[in-house]
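Structure assessment
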Amino acid sequence: MKKLLILLSLTTAMTAFGAPQGNSEESATMNINATVIKPLTITAKDMKFGTVIQGTSATATGQYTIDGEPGEKFEVTLSDLQSLKRTGSDDILDISFENFVIPHNLDGSGKASFNMVGTISPTNETLTGEYTGSITARVQYRS
């Protein structure tokens, strides 16, 4: 009987302490906002060397122009190009680029641009013909 009373006392105490006291409901509110901006676009003005004589050097300038939301930050990723390839063959002509600065912010009208100056120097042994290559620029907003 003594054991039964102890067990009954413990059960009553556990029920009393484990029972909720009053209303314990809580809540939180999540605020949501979004800012819609213009998409980024990028256009290229081709780099054209024209006709170049063997044994000389030539430079040419190409340009990328970026349009988007005024004042926003962006980043540009350029593909690699180290040589031009002669049409219809595997012959190459090395190309180098002067240091150029890529902007990282669109101006107050939502524009930015940068020039790329390339140099080629065909030797007297460089085979004649048309040499071509391309650089792809990808642009995206950054935070």
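Structure's up top.
All values derive from a computational prediction rather than experimental measurement.

**Structural notes on the side chain of threonine 126**
Summarising the element assignment, threonine 126 is placed in the loop between strand 6 (111-120) and strand 7 (131-132). Residue threonine 126 is classed as buried on the basis of its relative accessible area of 14%. Beyond its immediate stretch of four places on either side in the chain, threonine 126 contacts Gln54, Leu93 and Tyr131.

**Some details on the packing of aromatic side chains**
Counted by the stated rule, this structure contains two aromatic pairs. Plain terms: the ring middles of tyrosine 64 and phenylalanine 114 are 5.4 Å apart, the flat faces sit at 35° to each other, and that makes the pair tilted. In this pair, tyrosine 64 is assigned in strand 2 (residues 58-67) and phenylalanine 114 in strand 6, connecting sequence segments 50 residues apart. With relative accessibility at 10%, the residue tyrosine 64 sits in the buried group. Plain terms: the ring middles of phenylalanine 100 and phenylalanine 114 are 6.1 Å apart, the flat faces sit at 10° to each other, and that makes the pair stacked. Separated by 14 residues along the polypeptide, phenylalanine 100 in the loop between strand 5 (92-97) and strand 6 and phenylalanine 114 in strand 6 bring together distant segments of the chain. A relative accessible area of 29% places phenylalanine 100 in the partly exposed class. Within the aromatic cluster, the residues linked to one another by ring pairs are Tyr64, Phe100 and Phe114.

**With respect to the nonpolar core**
Counting 22 residues, the largest nonpolar core has Ile66, Phe74, Val76, Leu84, Phe114 and Ile120 as the members making the most contacts within it. Those elements that place two or more of their residues in this core are strand 2, strand 3 (74-78), strand 5, strand 6 and strand 8 (137-141). In this structure, phenylalanine 74 is in contact with Leu40, Ile66, Pro103, His104, Asn105, Leu106, Ala112, Val139, Gln140, Tyr141 and Arg142, ignoring residues within four places of it in sequence.

Quick notes on the rules
- Residues numbered from 1 in each chain as written.
- Predicted model: local features only at pLDDT ≥ 70, side-chain atom pairs only at ≥ 80, totals over all residues.
- Heavy atoms only, no water.
- Helix = DSSP H or I, 4+ residues; strand = E, 2+ residues; numbered from the N terminus.
- Buried < 20%, exposed > 50% of the residue type's maximum accessible area, 1.4 Å probe, protein only.
- Contact = heavy atoms within 4.5 Å.
- Phe/Tyr/Trp six-rings, centres within 6.5 Å; stacked < 30°, edge-to-face > 60°.
- Core = buried A, V, L, I, M, F, W, Y, C linked by side-chain atoms within 4.5 Å.

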